[in-house]
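Each chain, written out:
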Amino acid sequence: MKSFARSGVLGLVCAFIAAPAYAADVSTGPCGFCVLWDWIPFILNGFALNVVISILAMMLALVLGIGLGLMQISESKLASVPARFVTQLLRNAPWIVILFMIMSLIPYRIEVQGWGNFILSDWIKATFAFSLPVMANVSEILRGAVASVPKGQWESAESLAFSRGQSLRWIILPQCVKQMIPHLMNWFALLVLATPLASIIGVREAVGSAQAAMESAGSSPTLLIPFYFFLMMIFFIFIYPVAIWSRRLERNYAINS
Amino acid sequence: MRKLVSTLCSGVLSAVLSAGLLAVPAHASGDHMKEVLDRGTIRIGVLGALKPWAYRSEDGNMQGFDIDLASRIAESLGVDLELVEVTSVNRMEFLQQGRVDMLLAGMYDKAERRKIIGIVEPAYGASGPSLMAKKGLISSWDDIKGKPVCAKQGVIYNSIAETEFGATVVAFTGNAEAKEGLRSGKCVAWFYDDTIILPELASGEWDGYEMPVEALNSNPIGAAVAIEEQDGALGVFLSGMIYRWHSDGTFLELEEKWKVGPSSWYAKEHEKLHWDTSYLVSE
Amino acid sequence: MDAILTLIAPFFRDLYETTGINFNVFYDPYQFKRFLIGAENSILLILAAILLSVIVGVAGAAIQQSRSTWLRWLVGGYIQLFRNTPPMVQLLFFYFGLGAYAPQVDMGGYYQPMVSAFGWAVIALGIFGGAFNVEIFRSGIEAVPKATLEAAESLGFKPWQTFVYFTLPLAFRICLPALTTNLVSLAKTTSLAYVISVPEMANMLNQVWSSTFNIPEMMAVLFCFYVGVVWLLAAFLHWLERRLRLRGYSK
C-alpha cells in the first residue's frame, strides 16, 4: 500500500516535469503553462461546482438508494420486483445517456400545486442525473451486504421474537454499515470523476471553465496539454486521498471480519 | 481560496433555495420597465463563450460586443447591470420565466421564436453558416463533398452540410473543440456562422486560414424582451436603442473595436437607418 | 440491412403518421444509415477497448512480477494516475493534447491523422480500463497456489513459461468475476467517446434529433441500445465465468 502511494506520487512528479518539456518543443504559440497560470483561479472556481454537484448527488443517491435497496430486499413482490428492475436498468446505462435523458426530458421549470414554480437550472438537473446511477449501485450494495449476513443471524433474531423489520433495523443493518462504507466511498470517487460530463450540456464546471478559458485565450494548440493535464491533476488531488482512505477501510474490514 | 469557499457556500445555498423556496414572480404585462427601475438593476441574458460577442476574461468577468451593448442599455436607464449567462438551449425559457429582462444572445430571428418571446426590430446583427479553411484549399461549397467538416453538436443547420453538400459532419461538443479539430487537420473546414468565423480570422491566431465562401444565407439576429413586453415600454425602449446604434454609428464603432469583421451588413444598415440631417444646415 | 429496413419501415412510418411518435431512424433510409453507423462504431469500440484493456492488464501484471523496483513503481504510478482522474478528461487529453503530435497523412490539402478519433478512443479507453485490469490480474496471480508453480518449476519449466502456461490461465480463471465487473463498466464508459467526435450511437442520434427534433424518441433508442448491449456483454461474460469456474476454488 505504502509503495503504491509513493509510486503514484512519483509518477505524477515525472509527468509534471516531462509534460511542459514535451509541449514546448512542437508548435508555435504562447507558452501554455504561462497562460494556464493566469486562469488557474477561474478553473478552480469551476471545480468548486464539481465538488458541490458530487456532494449533493451523493447525498441524494444515498437517500434514494437506501430506499430502493430496502424495497429490493422486501418480501413483497410488489416492491421488490420493480425495485430490482430499476436498479438493474440504471446500473447498465452509461452516465452520459442518463444525463442526456434527464436534461432533455425534465422541463426547465416545474410547477407544484400550491407551492409555486421551481426553476431547475442545468447544474441541478445534472446533479439529479448523476445521482441516479449511484442510487442504483447503493441499492445493489445494500442488497449484497444484507445477503452476506449469515442466515443464523436472522434465525436467532426470529427466535428472540423480533419481527422482520425489527431484525433488519436492529441486527442486520448495523452489521452492513461497516462493510458498505468502502464501497460507498468508491462510488463517491466514481461520481466525482463523472461530473465533467456536465460540461457537455453547458454547465460551467472545471472542464467547461477550462474550455471557456482556452477559447478566451485564443485557443492556441499549445494550451491543450497544459490545460487538460491541469484538469487531471486537480481531480487527482481531490480523489486520491479518498481512494487511499477507502482501501484502508476495506482492508481493516477484511482483517476484522 | 476564499473565493472558492464562497462559491462553494453560495452553490450549496442556491441549491437549497432553488430546491425549496425560489418561486418565480409572474409579470403583469407592460409594467416591466417600472419594475426594472424600482429594482435599480437590469438583468440581461448573454451567451458565455462566443468570442468576440460575449466571453469571459481571466478574472471571470464578461466582455465582448454584446456586453458593451448591455452596459449601454443599463447606462441609459440609469440602473446597474446584471449579466446572466444563458445557453442557446435555455435562453428563451430564461426570458419567459422572468429570470432575465432582456436577451442579447446571438439569436436568429425566426417565426417560431416570435410566437414565444418578443423579438424587437430592427435586428442588431445578421449571420449565416459558412466555412473556415486553410487558404487555397476550398473555393466553393462543392469542395467539401466527401470530406470531413468540423462542427458543433446540436447546431440546427449541421445536416445541410451532409444533405446538400455531401460532406461528413464531425460533431464536437463545443466550438473550442471544433476549432482544434480544424487546426490539427481533422477536418478540411470548420462549419459555423460567418459572424464567428470572421472575428476568429481577424484575431491574428489563424494565419494561413480564410473564409473562402459567402455565408449560405443571412439570418437577422434579434434582441428580445418577454412577449407581453414587445409593445410595452421595455420593448419600445430596446427597439429605439438598437435603431440609435445603427444610425449614430455605434455598431460600426463596436465592429471595429471587437474586430467583428469587415461585414457589409452594419454599413448597409447604417446607410439605411441614418437620418439625413443635412436640411438642418440652413445657409 | 436494407432488407431489415424494408421490413420494419412500414410499421414505424405508420406509427409516425398515426401517433406522431417519430422513430425516423427506423423508416427514413438516411437516418437509418446514421443509426447503423452509430451501432457499428459503438460495438466495435466496446470490443476493441476491452481487448486492449485486457492486453494492457496482462502486461502490467507481468511487469509487476518483475524484480525491478523502478518498473513496479512505474506501473503503480500509471494505475493511480488513470484510476483517479476523469476518463472524459483522459480522452480529451489523448485526442487533443497528444493527437496534435501524432503523424499525419496528407490527403491533398487537409491532413488525415494516422490515428483517427476512433483510434484515440480505443487507446485512451484501453489504457483507462487496463489500469483497473492490472490490479485485478495481480490479485488473481497472487491467489494462484504457490505449490502449483513450484511443481511447474520442478518439471523444468523456465520462469516465463511457468508464467504463461500456468500462472496466467489459472489467474485468469480466478479473477474472472472481478474482470467481468470491470469490463462491463468499461463498456459503459466507451460512450464517452462522444466528446471526441467518434461517430458512436450518442453522437449519431444527437445529429438526428438536432435536425428532426424527435428528442424523446431518440433518447429511448439511445437508452435501449446501451442497456441492451451492456446486458448482452454481461450475460456473455457471466456465461464464460460459469464455464471456466475452477472446481473446488470458490471463494
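Residues numbered from 1 in each chain as written. Chains lettered and ligands numbered in written order. Predicted model: local features only at pLDDT ≥ 70, side-chain atom pairs only at ≥ 80, totals over all residues. Heavy atoms only, no water.

1. Observations concerning the state of the cysteines
By definition, a disulfide links two cysteine residues through a covalent bond between their sulfur atoms. Counted by the stated rule, this structure contains two disulfides over all chains. Across the disulfide, Cys31 of chain A is cross-linked to Cys34 of chain A (sulfur-sulfur distance 1.9 Å). Measuring the twist about the S-S bond at about 95°, one finds the Cys31 of chain A-Cys34 of chain A disulfide to be right-handed. Paired by a disulfide, Cys150 of chain B and Cys187 of chain B hold their sulfur atoms 1.6 Å apart. (Disulfide = S-S within 2.5 Å.)

2. With respect to the UniProt feature "transmembrane region" (unreviewed entry) in chain C
Residues annotated by UniProt as "transmembrane region" (unreviewed entry) correspond here to residues 43-63, 84-102, 114-134 and 218-240 of chain C. Secondary structure within residues 43-63 of chain C divides into 100% helix and 0% strand; the distance between the first and last C-alpha atoms comes to 30 Å. (UniProt positions renumbered as here; feature names shortened; annotations may be inferred. Helix = DSSP H or I, 4+ residues; strand = E, 2+ residues; numbered from the N terminus.)

3. A closer look at the packing of helix 4 (residues 95-105) of chain A against helix 5 (residues 122-148) of chain A
All names here are of chain A. Orientation of helix 4 relative to helix 5, taken along the N-to-C sense of each, is 135°, at an axis distance of 9 Å. Between helix 4 and helix 5, the crossing angle belongs to the class labelled oblique. Handedness of the helix 4/helix 5 crossing: right-handed. Across the interface between the two elements, Trp95, Ile98, Leu99, Ile102 and Met103 of helix 4 pack against Asp122, Lys125, Ala126, Phe128, Ala129, Phe130, Leu132, Pro133 and Val134 of helix 5. (Axes fitted to C-alpha atoms, helices over the stretch in contact; angles between N-to-C directions. Parallel < 35°, antiparallel > 145°, perpendicular 65-115°, else oblique. Left-handed = near helix turned anticlockwise from the far one by under 90°. Contact = heavy atoms within 4.5 Å.)

4. A word on helix 4 of chain A
Within helix 4 of chain A, nine of the eleven residues are buried, which leaves it mostly tucked inside the rest of the structure. Inspection of helix 4 of chain A places Trp95, Ile96, Val97, Ile98, Leu99, Phe100, Met101, Ile102 and Met103 of chain A among the buried residues, and these make up the whole buried set. Those residues of helix 4 of chain A that are buried are in contact with helix 3 (77-92), helix 5 and helix 7 (164-194) of chain A together with helix 8 (201-212) and helix 9 (215-244) of chain C. (Buried < 20%, exposed > 50% of the residue type's maximum accessible area, 1.4 Å probe, protein only.)

5. What about helix 3 (residues 69-83) of chain C?
Between its terminal C-alpha atoms helix 3 of chain C stretches 21 Å, which fits the 21 Å expected from 15 residues at 1.5 Å a residue. Listed as buried for helix 3 of chain C are Val75, Gly76, Gly77, Tyr78, Ile79, Gln80, Leu81 and Phe82 of chain C. (Expected span 1.5 Å × (residues − 1).)

6. With respect to the pairing of strand 11 (residues 189-193) of chain B
As a general feature of sheets, a regular strand has side chains that alternate between the two faces. Residue and element names in this part refer to chain B. Most of strand 11 is tucked away, with five of its five residues classed as buried. Sheet topology note: the strand 8 (residues 129-134)/strand 11 ladder contains five bridges and is antiparallel. In the strand pairing of strand 11, Pro129 is matched with Asp193. (Pairing = 2+ DSSP bridges.)

7. Points about the sheet that holds strand 9 (residues 148-152) of chain B
Strand pairs in the sheet, formed through backbone hydrogen bonds, run parallel or antiparallel to each other. All names here are of chain B. Here five strands make up an open sheet; going across it, the order is 10-9-11-8-12 and the pairing mixed. With partners counted over all chains shown, the strands left at the sheet margins are strand 10 (168-172) and strand 12 (209-210), one partner each. Where strand 9 and strand 10 come together, five bridges link them in parallel fashion. If you follow Lys152 over to strand 10, its bridge partner there is Phe172. Its contacts with the sheet put helix 8 (residues 194-202) on strand 8, strand 11 and strand 12, and the angle it makes with strand 11 is roughly 120°.

8. Observations regarding the interface of chain C and chain A
For an interface, size is often stated in terms of accessible area lost upon the parts coming together. Taken together, the contacts link 41 residues of chain C with 41 residues of chain A. Among the residues chain C hides against chain A, the three largest losses belong to Trp73, Tyr101 and Phe223 of chain C. Together they make up 19% of the total. Residue Glu135 of chain C pairs with Arg247 of chain A through a salt bridge whose shortest N-O separation is 2.6 Å. Listing elements by their share of the side of chain C that touches chain A, those giving two or more residues are helix 3, helix 4 (87-98), helix 5 (117-143), helix 8 and helix 9 of chain C. In terms of residue class, the side of chain C that touches chain A is made up of 27 nonpolar, ten polar and four charged. (Buried area = accessible area lost by both parts, 1.4 Å probe. Salt bridge = Lys/Arg side-chain N within 4 Å of Asp/Glu carboxyl O. Nonpolar A, V, L, I, M, F, W, Y, C, P; charged D, E, K, R; others polar.)

9. Details of the pattern of salt bridges
Residue and element names in this part refer to chain B. Tallying each qualifying case throughout the model produces 19 salt bridges over all chains. Among the salt bridges present, the one from Glu85 reaches Arg56, with a minimum N-O distance of 2.5 Å. Of this pair, Glu85 sits in strand 4 (residues 80-86) while Arg56 sits in strand 2 (residues 55-56), placing them 29 residues apart in sequence. Residue Glu85 is classed as partly exposed on the basis of its relative accessible area of 25%. Of the charged contacts in the structure, one is a salt bridge between Lys179 and Glu200, with a shortest N-O distance of 2.6 Å.

10. Let's talk about the domain arrangement of chain B
Residues and elements named next belong to chain B. Parsing chain B into structural domains produces domain 1 (26-126 + 219-275) and domain 2 (129-210). Computed over C-alpha atoms, the centres of domain 1 and domain 2 are 27 Å apart. Of the residues lining the interface, nine residues belong to domain 1; the matching set on domain 2 comes to ten residues. For the pair domain 1 and domain 2, the number of links is two residue pairs in polar contact (both at pLDDT 80 or more). (Domains from an automatic or database assignment. Polar contact = N/O pair within 3.5 Å; in protein donor to acceptor, adjacent residues only side chain to side chain.)

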